[in-house]
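# Overview (structure and organization)
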Amino acid sequence: MTLIRWNPWQEFNAIQRQFNRFFDEDTLPTAFFDTGLSRVPSAELKETEDAIHLKLELPGIEAKDVDLQVTESAVYLSGERKSETKSEEKGVIKSEFHYGKFQRVIPLPARIQNTNVTADYKDGILNLTLPKAEEEKNKVVKVNLA
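Residues numbered from 1 in each chain as written. Predicted model: local features only at pLDDT ≥ 70, side-chain atom pairs only at ≥ 80, totals over all residues. Heavy atoms only, no water.

### Some details on the nonpolar core
As a reminder, the rule being used: Residues grouped as a nonpolar core are buried Ala, Val, Leu, Ile, Met, Phe, Trp, Tyr and Cys residues, joined through side-chain atoms within 4.5 Å. Three exposure classes are used, based on accessible area relative to the maximum for each residue type with a 1.4 Å probe and protein chains only: buried under 20%, partly exposed in between, and exposed over 50%. Helix numbering and strand numbering both begin at the N terminus, where a helix is a DSSP run of H or I of at least 4 residues and a strand a DSSP run of E of at least 2. Residues count as neighbours in contact if any of their non-hydrogen atoms are within 4.5 Å of one another.
If you look at the biggest cluster of nonpolar residues, it comprises 16 residues, and the most contacted ones within it are Leu54, Leu58, Val75, Leu77 and Leu130. At the level of secondary structure, the elements contributing two or more residues to this core comprise β2 (51–57), β4 (74–81), β5 (100–107) and β7 (125–131). If near-sequence neighbours (up to four positions away) are discounted, Leu54 is found in contact with Ala43, Glu44, Leu45, Val75, Ile106, Leu126, Asn127, Leu128 and Leu130.

Here it is, written out as structure tokens:
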């Protein structure tokens, strides 16, 4: 008989893998999205010395259907992706599009001048340029070594 050492963390890792597999967007049942939950727009954030550049994917959404608010420390985005439902008796329709209301809060890594934000919306991509507040530019922090 061979003795095998029991590792409790191995069981936790197995449970975590199962949770990750369940919440993987490709394996979620379509009914999950029909409960009013909707996919939030994907974001890409790039920080330079003078500004923060935020890019958001909003395919199929008109600019008038987006509510965008910017504070010194976050961007608040909400809107609705409207469905154009058509019923057909003879065919089977399978859709992977996600419709419904969404909202997202994106915290910013530095304080910005929210009165000087510029936005460009083209082909379903929203580009925001968020200039940093003057005190955030060239910010140097002294670190004491003890």
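And the narrative resumes.
### Description of the sheet that holds β4
The condition is simple: When DSSP finds two or more bridges between a pair of strands, those strands are recorded as paired. Only the stretch in contact is used when fitting a helix axis, every axis being a line fitted to C-alpha atoms; angles between N-to-C directions are given from 0 to 180 degrees.
The strand order β3-β4-β5 describes an open sheet built from 3 strands, whose pairing is antiparallel. Unpaired on one side and paired on the other, β3 (66–70) and β5 mark the two borders of the sheet. Sheet twist, expressed as the mean angle between neighbouring strand axes with direction ignored, is 10°. In this structure, β4 lies alongside β5, joined through 8 bridges in antiparallel fashion. Bridge assignment links Leu77 to a residue of β5, and that residue is Arg104.

### What to know about the pattern of salt bridges
The test is simple: For this document, the term salt bridge refers to a Lys or Arg side-chain nitrogen within 4 Å of an Asp or Glu carboxyl oxygen.
This model, assessed by the stated rule, comprises 6 salt bridges. The salt bridge partner of Lys55 is Glu44, with a shortest N-O separation of 3.9 Å. Taken together, the residues Lys55 in strand β2 and Glu44 in strand β1 (residues 43–47) connect sequence positions 11 residues apart. Linking Asp65 and Lys82 is a salt bridge whose minimum nitrogen-to-oxygen distance equals 3.7 Å. Placement of Asp65 in the loop between β2 and β3 and of Lys82 in the loop between β4 and β5 is noted, with a sequence separation of 17 residues between them. Within this structure, Glu62, Lys64, Asp65 and Lys82 form a network of salt bridges that share partners.

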